[in-house]
Amino acid sequence: MGQEIVSSASNMSLYFLAIFLPPLTVFMKRGCGADFWINVCLWILGWVPGVLHAWDIISRSEEPVIHHAWHARGGRSRRFYSNSEYWY
């Protein structure tokens, strides 16, 4: 069974806000770049494509979870970063 990323409360509020103003949520996640303007165009073409694109941007912008593990030699703590598929 794979790992699951749990969205933070701020991301959950962005998912909800994206229903009403998709370009605003993309701007909050990525700034005024290409993703923002693509979302504006999709939102003008139709509400559903803009919302789906915004949700995609929010889900791809999940921050990795930091795991701490105690190193057996030297007694130092090590950090392991994980996202949905990889540990590094």
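Note: the structure precedes this text.
Conventions adopted
Residues numbered from 1 in each chain as written. Predicted model: local features only at pLDDT ≥ 70, side-chain atom pairs only at ≥ 80, totals over all residues. Heavy atoms only, no water. Helix = DSSP H or I, 4+ residues; strand = E, 2+ residues; numbered from the N terminus. Buried < 20%, exposed > 50% of the residue type's maximum accessible area, 1.4 Å probe, protein only. Contact = heavy atoms within 4.5 Å. Core = buried A, V, L, I, M, F, W, Y, C linked by side-chain atoms within 4.5 Å. Axes fitted to C-alpha atoms, helices over the stretch in contact; angles between N-to-C directions. Nonpolar A, V, L, I, M, F, W, Y, C, P; charged D, E, K, R; others polar.

**Student:** Residues and numbers for the environment of W43, please.
**Tutor:** By the secondary structure assignment, W43 is in helix α3 (residues 34–45). Residue classification places W43 among the partly exposed positions, given a relative accessible area of 33%. The contacts of W43, once residues within four sequence positions are left out, are F20, L21, P22, P23 and G50.

**Student:** Give me the lowdown on the nonpolar core, citing residues and values where you can.
**Tutor:** For soluble globular proteins, nonpolar side chains are generally found buried alongside one another. In terms of nonpolar packing, the biggest core is built from nine residues, these being L14, Y15, A18, V26, F36, V40, A54, I57 and I58. If you list the elements that add at least two residues to this core, you get α1 (9–20), α3 and α4 (47–60). With residues up to four places along the chain from it excluded, the contact list for A54 reads A18, P22, T25, V26 and N39.

**Student:** I'd like a rundown of the packing of α1 against helix α2 (residues 22–30), residues and numbers included.
**Tutor:** A packed helix pair is summarised by two numbers, namely the angle formed by the two axes and the spacing between the axes. With their axes 6 Å apart at the nearest point, α1 and α2 run at an angle of 145° to one another. Between α1, through N11, L14, L17, A18 and F20, and α2, the contact on the second element is made entirely by P22, L24, T25, M28 and K29. Partitioned by chemical class, the residues of the contact of α1 with α2 number seven nonpolar, two polar and one charged.

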